[in-house]
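# Descriptive analysis of the structure
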Protein chains: 2
Amino acid sequence: MDIKEKSLQLHQEWNGKIEIKSKVKVQSKSDLALVYTPGVAESCMAIKEDPTLVYQLTSKNNLVAVISDGTAVLGLGDIGPLAALPVMEGKCVLFKEFAGINAIPIVLNTKDAKEIIETIERIAPTFGGINLEDISAPRCFEIEEELKKRLSIPVFHDDQHGTAIACYAALKNALRLVKKNIKSVQIVINGAGSAGVAIAKLLLEIGAKNLIICDKQGILFGGDPNLNPFQKELAEKTNPTGCKGTLLEALEGADVFIGVSAGNIVSEAMIRSMNSDAIVFAMANPTPEISREKAIHAGARVYGAGLSNEPNQINNALVFPGIFKGALETRVSNITMEMKIAAATAISDIISDAELHEQHIIPDIFDSRVTEAIVKAIKTLAK
Amino acid sequence: MDIKEKSLQLHQEWNGKIEIKSKVKVQSKSDLALVYTPGVAESCMAIKEDPTLVYQLTSKNNLVAVISDGTAVLGLGDIGPLAALPVMEGKCVLFKEFAGINAIPIVLNTKDAKEIIETIERIAPTFGGINLEDISAPRCFEIEEELKKRLSIPVFHDDQHGTAIACYAALKNALRLVKKNIKSVQIVINGAGSAGVAIAKLLLEIGAKNLIICDKQGILFGGDPNLNPFQKELAEKTNPTGCKGTLLEALEGADVFIGVSAGNIVSEAMIRSMNSDAIVFAMANPTPEISREKAIHAGARVYGAGLSNEPNQINNALVFPGIFKGALETRVSNITMEMKIAAATAISDIISDAELHEQHIIPDIFDSRVTEAIVKAIKTLAK
């Protein structure tokens, strides 16, 4: 049985991958009077007096909503809220297994950005944090930006920032390995969706100067009338020479390729045209932009992908458990750019110079040091 | 330490009464590939093909949202969403402990009926059922009615129907005991809020003819300009002689008093004015309309209350676990009036003629037969 069949069969057996557990037993009327009425009224009134007590007296302190409208689910596209539910539940499983965080899926039957914002704002009092998931670009940018303004709990669109943090952590170590500097390397990002935009913003923030972003229509340049406002903003900050053309042209002489686009769109010839010691991150799911074998054969020195059957797995699963654990434990109202950079640095620093090699630029997802390192980094900043 | 202090202290220790549990372990990359990407995509696509599979492949089949805007919490009134959270979590504990149902609190930071309806409609794909809780009247009627129209999953405002079902179950047995008929007894309901309106509707449905509803302003009568539309509708269907006056006047010669109002508002003299074999349900929380001692002293034959330290506890906790378990297992889209009546009958039928006496007209909350009896009743109707 292949992995797809086996997964489907297991999902049928599981009949839901998460459940709610009561932390207290109710076996007598005196239990009931403590857990529920009349005893519970005392906690209600305490919170009414001092709303911050909600973090002590309820589950809010460790409860994250994993929210999606089902418009950009895995590589499957706009499959709707019901069909998105298995992924959101899977994410909740990872929250619990990797960081001990209680997470619950909420799938929405609206695709309207304004309605999504309103809905999340209205249910927010329940939660300690909001993980936006698999919401298509460019709506995802607007939704996250607006919610960050409106809510006092952290809002994190994992497809953007989780991916960007993992990518920068891997890139930092890859550059350490090939002894190149982020400020001077030529970086090409292919895919100007949620992940691509977030990666570009993060790399600009940490000092990348020579950054080119491509999308289906080719290289993004300032003044291109076909861009959405988020791409437009980026086009003006990247592509310093204002070059136009295709991905093929962009890659000539480039040091780094970061793919967050679609399977099999990069050829060996394109890799061959890159600079020596080329770094290739082919992060498309489930099929990378170019396979490890082909990329290495064509001369890439470092290769990373999003898939779990590869070394150098660059995946947001490495990031979000620690990010949320840190944010919940420090009760920050916002996950700032500083925290994202600190998280990426914490991940890359786990790999010592002695451990660093071409097939080990980023820790394994199951490396328990990762979550704790991110939590520590956030705590330092939140002080 | 009294119950209030002890409950508050326990709430601090619990730090949240519920948690999310993962039903699957993720300890290796092959686990990850089955639980999450790429394997999970197969379940997503299966649901996209056939949306009913969401009940097999996700937790939706057994997941209830306990939703409140915090406007009518216990006897505490409008304390807001955060302060309502301990009660909603408590309810989720009872769902799990009494019926094995996964329930999650959702508290809303809006009191606008239209916004509440919209919000619940948008998050509904996540859940197998919606338990509305502690939403003040008359908005609760409008919200529930509209959601029932819009959603294909059951919506149940427990403060209304849970209370009404428990009340009718108790009344049915009390009438059996005193050998009076629902069609001929004179019934007075005090309190025309969510519970009072629902009890009245249910009693009318099962054949009560001589029913008077009182609220703060006195007896409800057809044509009273001060009523909300829901009270108005009821005023026209009750009070057949069109009498006006106070609760005091309404109770003269009455067979049954049902209080869902406020503590200590019924005197011994009022009970004395009732018919012989008077039935008194003083269900206000946390202080009943009249105490057991006083009511019995004044000549009431049967006394029931909402509190857990009394015999004859008439409480919705007896009802909602079975109602939702039955609704989820049969996947009905609506909890109908027929089902509510069947549930009440199932509860009262648990007590045999031999067991029936003045202090035992309704089963104990911890009687495990109750939930199963309700489930069976709903299954019979859902066929």
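Treat the numbers as computed from the prediction; the structure is a model and nothing was measured. (Residues numbered from 1 in each chain as written. Chains lettered and ligands numbered in written order. Predicted model: local features only at pLDDT ≥ 70, side-chain atom pairs only at ≥ 80, totals over all residues. Heavy atoms only, no water.)

### Remarks on the nonpolar core
The biggest cluster of nonpolar side chains holds 251 residues, and the ones touching the most others in it are Ile-187, Leu-203 and Phe-281 of chain A together with Ile-187, Leu-203, Ile-258 and Phe-281 of chain B. With near-sequence residues (within four places) excluded, Phe-281 of chain B lies in contact with Cys-167, Ala-170, Leu-171, Ala-174, Phe-257, Ile-258, Gly-259, Val-302, Gly-304, Ile-314 and Ile-361 of chain B. (Core = buried A, V, L, I, M, F, W, Y, C linked by side-chain atoms within 4.5 Å. Buried < 20%, exposed > 50% of the residue type's maximum accessible area, 1.4 Å probe, protein only. Contact = heavy atoms within 4.5 Å.)

### Re the relation of the copies chain B and chain A
Structural alignment of chain B on chain A gives an RMSD of 0.0 Å, achieved by rotating through 180° and translating 0.0 Å along the axis. Viewed as a symmetry operation, the transformation between the two copies matches a two-fold axis. If distances are taken from each C-alpha of chain B to the rotation axis, the shortest is found for Ile-20 of chain B, at 2.4 Å. When the interface residues of chain B are mapped onto chain A, 100% of them are again interface residues, pointing to one common binding face. (Least-squares fit on C-alpha atoms with pLDDT ≥ 70 in both.)

### Here we look at the pattern of salt bridges
Inspection of the entire model under this criterion finds 50 salt bridges over all chains. In this structure, Arg-139 of chain A engages Asp-69 of chain A in a salt bridge whose closest nitrogen and oxygen atoms are separated by 2.8 Å. Taken together, the residues Arg-139 of chain A in helix H7 (residues 139-150) and Asp-69 of chain A in the loop between strand S2 (63-68) and helix H5 (81-99) connect sequence positions 70 residues apart. Its salt-bridge partner being Glu-121 of chain B, residue Arg-150 of chain B comes within 2.8 Å of it at the nearest N-O pair. With Arg-150 of chain B in helix H7 (residues 139-150) and Glu-121 of chain B in helix H6 (residues 113-123), this residue pair connects regions lying 29 residues apart in the sequence. Taking relative accessible area as the criterion, Arg-150 of chain B reaches 39% and is therefore assigned partly exposed. Taking relative accessible area as the criterion, Glu-121 of chain B reaches 23% and is therefore assigned partly exposed. (Salt bridge = Lys/Arg side-chain N within 4 Å of Asp/Glu carboxyl O. Helix = DSSP H or I, 4+ residues; strand = E, 2+ residues; numbered from the N terminus.)

### Quick notes on the environment of Ala-170 of chain A
Residue and element names in this part refer to chain A. With respect to the helices and strands, Ala-170 occurs in helix H8 (residues 158-178). Distance from Ala-170 to Asp-50, taken between C-alpha atoms, is 44 Å for residues 120 residues apart in sequence. Residues within four places of Ala-170 in sequence aside, it is in contact with Phe-281, Ile-314, Ile-361 and Ile-362.

### Quick word on the interface of chain B and chain A
A common way to state how big an interface is: give the accessible area lost once the parts meet. Residue-level contacts link 93 residues of chain B with 93 residues of chain A. Interface of chain B and chain A: buried area, both sides summed, is about 9400 Å²; carbon and sulfur atoms make up 66% of it. Its largest share of buried area at the contact with chain A, chain B owes to Ile-20, Tyr-36 and Arg-122 of chain B, together 9% of the area lost on that side. The interface formed by chain B and chain A contains 12 salt bridges. Notably, a salt bridge pairs Glu-118 of chain B with Arg-122 of chain A, separated by 3.1 Å at the nearest N-O pair. Among the elements of the structure, helix H1 (3-14), strand S1 (18-22), helix H2 (29-35), helix H3 (41-49), helix H4 (54-57), helix H5 (81-99), strand S3 (102-107) and H6 of chain B are those that each provide at least two residues to the side of chain B that touches chain A. Ranked by residue count, the leading element in the side of chain B that touches chain A is H5 of chain B, at 14 residues. (Buried area = accessible area lost by both parts, 1.4 Å probe.)

### Observations regarding the sheet that holds strand S5 (residues 155-157) of chain A
Residues and elements named next belong to chain A. The sheet built from four strands is open, its strands ordered S3-S2-S4-S5 with parallel pairing. Both edges of this open sheet fall to strand S3 (102-107) and S5, since each of them pairs with a single strand only. Pairwise comparison of adjacent strand axes, ignoring direction, gives a mean angle of 25° for this sheet. For S2 and S3, the ladder comprises six bridges, and the chain directions are parallel. Bridge assignment links Val-64 to a residue of S3, and that residue is Ala-103. Relative to the sheet, H7 contacts strand S4 (129-132) and S5, its axis offset from that of S5 by approximately 165°. This element, H8, spans S4 and S5 of the sheet and lies at about 75° to S5. (Pairing = 2+ DSSP bridges. Axes fitted to C-alpha atoms, helices over the stretch in contact; angles between N-to-C directions.)

### Brief notes about the environment of Asp-277 of chain A
Residues and elements named next belong to chain A. Along the chain, the position of Asp-277 falls in the loop between helix H12 (268-272) and strand S10 (279-282). On the basis of relative accessible area, Asp-277 is assigned to the partly exposed category, the value being 29%. With 180 residues separating them in the primary sequence, Asp-277 and Glu-97 have C-alpha atoms 37 Å apart. Ignoring sequence-local partners within four residues, the contact set of Asp-277 consists of Val-178, Lys-180, Asp-255 and Arg-301. Among the polar contacts made by the side chain of Asp-277, one reaches the side chain of Arg-301 at a distance of 3.4 Å. (Polar contact = N/O pair within 3.5 Å; in protein donor to acceptor, adjacent residues only side chain to side chain.)

### Let's talk about helix H16 (residues 369-382) of chain B
If you check H16 of chain B, its first and last C-alpha atoms are 20 Å apart, about what 14 residues at 1.5 Å a residue would give, namely 20 Å. Here the buried face of H16 of chain B lies against H5, helix H14 (320-330) and helix H15 (337-349) of chain B. (Expected span 1.5 Å × (residues − 1).)

### Here's the deal with the pairing of strand S1 (residues 18-22) of chain A
Burial along S1 of chain A is one-sided: Ile-18, Ile-20 and Ser-22 of chain A are buried, while Glu-19 and Lys-21 of chain A, pointing the other way, are not. Relative to S1 of chain B, S1 of chain A is paired through five bridges, and the arrangement is antiparallel. From the neighbouring strand, Lys-21 of chain A faces S1 of chain B, where its bridge partner is Glu-19 of chain B.

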